Amino acid sequence: EPEVTQTPSHQVTQMGQEVILRCVPISNHLYFYWYRQILGQKVEFLVSFYNNEISEKSEIFDDQFSVERPDGSNFTLKIRSTKLEDSAMYFCASSARTDTDTQYFGPGTRLTVL
Amino acid sequence: RKEVEQDPGPFNVPEGATVAFNCTYSNSASQSFFWYRQDCRKEPKLLMSVYSSGNEDGRFTAQLNRASQYISLLIRDSKLSDSATYLCVVKRRGGSQGNLIFGKGTKLSVKP
């Protein structure tokens, strides 16, 4: 069964460093998303991406964040200058053809900012 | 008021018990409704969509009351493997690509 994959599974970084989280969505999917979950908190929407551009972003997704689809398979989330409060699980998700299709989540990247 | 509210639990039940979770949502423009399951430190996984007429999938029954903005999940004959956090999720109507709004989740622990 096709699945969303994410690398790395765990990323440790120093405050102020840049990190890039990588995702490979399901191959025929067209809509891509990033969510985050701070430990003990709810899953929060960050950004959605379609047709090579951001379609929606939340208040959390400020200028420190950016997304990119550098090739036909990868979807990345970059945090330019990490803060302690960026420590969280970051989940990538994808859906097929329309925004009403089921979103399938990757296993997540645990980001720890020291 | 939180957009999606759930009783955090934990619900501690014996195997074979029936357990019900409730959820309320505040945005009447919400379009689609789901229950996701999340195991500890894992990704959310879709358990079932929730339809106005109510729907059942094996031991799981979901119901939606749009007038009351209330969603429920019933688990019958609970198994040890049902132990997880159950997330109530809504999607808004509108021109966006439809991001999901998650509740904080209800933790279920099924004991032998």
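About the thresholds
Residues numbered from 1 in each chain as written. Chains lettered and ligands numbered in written order. Predicted model: local features only at pLDDT ≥ 70, side-chain atom pairs only at ≥ 80, totals over all residues. Heavy atoms only, no water. Helix = DSSP H or I, 4+ residues; strand = E, 2+ residues; numbered from the N terminus. Rg over C-alpha atoms; globule rule 2.2 N^0.38 Å. Buried < 20%, exposed > 50% of the residue type's maximum accessible area, 1.4 Å probe, protein only. Areas by Shrake-Rupley, 256 points an atom, 1.4 Å probe, with all protein chains shown as cover. Lys, Arg positive; Asp, Glu negative; His and termini not counted. Charge placed at Lys NZ, Arg CZ, Asp CG, Glu CD. Pairing = 2+ DSSP bridges. Axes fitted to C-alpha atoms, helices over the stretch in contact; angles between N-to-C directions. Contact = heavy atoms within 4.5 Å.

A. Region of interest: the overall build of chain A. In terms of helices and strands, chain A carries zero helices and 11 strands. Starting at the N terminus and walking to the C terminus, you meet the elements of chain A as β-β-β-β-β-β-β-β-β-β-β. Computed over the C-alpha atoms, the radius of gyration of chain A is 13 Å, within 12% of the 13 Å expected from 2.2 N^0.38 for a compact globule of 114 residues. Buried positions account for 45% of the 114 residues belonging to chain A. Accessible area for chain A stands at about 5700 Å²; split by element, carbon and sulfur atoms hold 45% of it. Measuring between centres, the 10 positive side-chain charges of chain A sit 3 Å from its 15 negative side-chain charges.

B. A look at the sheet that holds strand S3 (residues 19-24) of chain A. Residue and element names in this part refer to chain A. If you trace the four strands from one edge of the open sheet to the other, you get S1-S3-S8-S7, paired in antiparallel fashion. Each edge of the open sheet carries a strand with a single partner, namely strand S1 (5-7) and strand S7 (65-68). Within the sheet, the average angular offset between the axes of one strand and its neighbour, ignoring direction, is 20 degrees. Sheet topology note: the S7/strand S8 (residues 75-79) ladder contains four bridges and is antiparallel. Its bridge partner lying in S8, Ser66 is registered against Lys78.

C. Broad picture of the side chain of Ser58(A). Residue and element names in this part refer to chain A. Tracing the sequence through the fold places Ser58 in the loop between strand S6 (53-57) and S7. Among the residues examined, Ser58 registers a relative accessible area of 18% and is labelled buried. Those residues in contact with Ser58 that sit more than four places away from it in its chain are Phe45 and Leu46.

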